[in-house]
Each structure stands twice: as C-alpha cells, then as structure tokens.
Amino acid sequence: MKVERIQDIDAIVSKKDSNIAVVVLHGYGATYQDFVPFSDIVIKDKNPSWYFLNGITPVVMGPYESGRCWFPIDMMGLERALNNGTFSDFFKGHIPEGIEEARTKVKNVLQNLRTEYDQIYLGGFSQGSMVSADIAFHNPELVDKLFLLSSTMVAESVWSKVCQNKLPFKIFQSHGTVDPVLPIQGARELKSFLEGSDNTPKYLEFSGAHEVPPVVVNELDQFLRES
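Residues numbered from 1 in each chain as written. Predicted model: local features only at pLDDT ≥ 70, side-chain atom pairs only at ≥ 80, totals over all residues. Heavy atoms only, no water.

1. As for helix 1 (residues 75-84)
Logical step 1: If you check which residues of helix 1 are buried, you get G77, L78 and A81. All buried residues of helix 1 project into a common sector of 100° when viewed along the axis, lining one side. Seen from the open side of helix 1, the exposed residues pointing more than 90 degrees away from its buried face are M76 and N83.
Logical step 2: For helix 1, the elements touching its buried residues are helix 2 (87-92).
Logical step 3: A distance of 3.3 Å separates the backbone nitrogen of M76 from a side-chain oxygen at the start of helix 1, and that oxygen is part of D74.
Logical step 4: Directly beyond the C-terminal end of helix 1, a positive phi value near 80° is found at G85. (Buried < 20%, exposed > 50% of the residue type's maximum accessible area, 1.4 Å probe, protein only. Helix = DSSP H or I, 4+ residues; strand = E, 2+ residues; numbered from the N terminus. Arc of directions from axis to C-beta. Contact = heavy atoms within 4.5 Å. Polar contact = N/O pair within 3.5 Å; in protein donor to acceptor, adjacent residues only side chain to side chain.)

2. Some remarks on the pattern of salt bridges
Logical step 1: All chains considered together, the criterion is met by 14 salt bridges.
Logical step 2: For D10, the salt bridge goes to R5, with nearest N and O atoms at 3.2 Å.
Logical step 3: Here K191 makes a salt bridge to E195, at a shortest N to O gap of 2.6 Å. With K191 and E195 both in helix 6 (residues 184-196) and four residues apart, the pair spans about one turn of that helix.
Logical step 4: Look at K191 and you get partly exposed, because its relative accessible area is 21%.
Logical step 5: Where salt bridges share partners, they join D45, D221 and R225 into one cluster. (Salt bridge = Lys/Arg side-chain N within 4 Å of Asp/Glu carboxyl O.)

3. A closer look at the packing of aromatic side chains
Logical step 1: Inspection of the entire model under this criterion finds eight aromatic pairs.
Logical step 2: Aromatic side chains F35 and F125 sit 5.8 Å apart centroid to centroid with 50° between the ring planes, which places their arrangement in the tilted category. Placement of F35 in the loop between strand 3 (20-25) and strand 4 (49-53) and of F125 in strand 7 (residues 119-125) is noted, with a sequence separation of 90 residues between them.
Logical step 3: Overall, the relative accessible area of 11% leaves F35 in the buried class.
Logical step 4: Each ring, one from Y51 and one from Y117, has its centre 5.9 Å from the other, and the planes form 80°; the classification is edge-to-face. In this pair, Y51 is assigned in strand 4 and Y117 in the loop between helix 3 (99-114) and strand 7, connecting sequence segments 66 residues apart.
Logical step 5: Taking relative accessible area as the criterion, Y117 reaches 3% and is therefore assigned buried.
Logical step 6: Here the aromatic cluster, defined as three or more aromatic residues joined through ring pairs, consists of F35, F38 and F125.
Logical step 7: Looking at K145, its charged tip hangs above the ring of Y121, at a distance of 5.3 Å from the centre.
Logical step 8: Stacked on the ring of F223, the Lys or Arg K145 has its end atom at 5.4 Å from the ring centre. (Phe/Tyr/Trp six-rings, centres within 6.5 Å; stacked < 30°, edge-to-face > 60°. Lys NZ or Arg CZ within 6 Å of the ring centre and 35° of its normal.)

This is the structure we're talking about:
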C-alpha cells in the first residue's frame, strides 16, 4: 500500500488487477488508517483495489490525540441532544456546515476513479457513512454499491429531493442496538426513509455499540459479493 494524493484528498491505496474499486471513509476523529484491515478480509478473492480516504479537516480529540473529520460537529450540542432526547433532529433537521465541501471533494475522487474502474463500491463508518450516503444520493452514477456502517439520517429535506426515485445501486446498512454515539433510532429512521423511496437496504442490527464487529464484516463481505 502507498499514500497518494487524489484530487484534494490523501488516500491509502492498494491497487490490484481488478475492475472493482472499494472506497472507504472513516469516522469523525479517526484517520484513513482505521479500516485498512478490511483489505485483508473483505472480498479478498475478487482482488479489488482499495482507497481509504483521509478526512478533509484536522480535529483535536484530546490533549494528545488528533484525527480528521469530513465536516465539523458541535460535540457539546450533540451531547445535549443525546441527553435531552432531541437527537433525532440533530443531523436530519439541517444541512451540516461543511458537508457540501466534503461531497464535492470526494465526488472529484470518484469521478477520477470512474475512468479507471467499472465498479465503485462506496461506504464508510459513522460520519464517513453520512458523507458516503450524501455523495451517492446526489451522484448515483458514480456508485455501484453503497455501505453505511453506523449511520444516521442527515439533511432530510435535501435527501428527500434526491431520493424520490429508485437508486441504481444496492445499499447495506448496519447499526448497534446500544450505540451511545449515534442511537439506533437514527438508523431505523434512515432505513424507513430508504424503504419509503423504494431503496430498501440490506439491514443488520447487532447487539453492540458504535463499532464494526465480525458479524458486520461478514455480512458486508457477502453483500459486496452479490451480483
């Protein structure tokens, strides 16, 4: 693997002799290294190329800890919403500041890859899955499969406009039933939203928190193998 600059985004890249590219976006405060182990487990026999993208903005997570994000999050506001029962509207009630910039920059990467690969599988974890969904809904021609790990509804008024018809790709969605960061309620709302626009995802709830356990990896592997 090597690090490449693709358009305006750094990526850890593992190029293989295949017509499939898998593009992965990490969660808030993490880095592009987080999901590199996927390349040794998921659809390995299909020999896809992997692109692990790094968030476009640095973020400080603690005195000695930093990472990257795709758009800023008011963490104190999120904590208040979790505590007072208003989480449902925290992401879906508005367009998060910075998500449009993230959408544009990742879209440019996908357009670049589309000239090289027949199939592009896009997805991510947590905030990375929100951005992945936003990109795929706005640019369905750039995506062949979409996977949303521990995701939630974002900008419902905007997504409702771009998801009025059936999308040309299949969707995988997973979420932990005791997720303290993005409660299961948001995942179920996203599932219902997709079902309402004839885009029913392959949906998996698991007994766990804000994570990607082996059962999810196995189901994701199967999903990406399906024709």
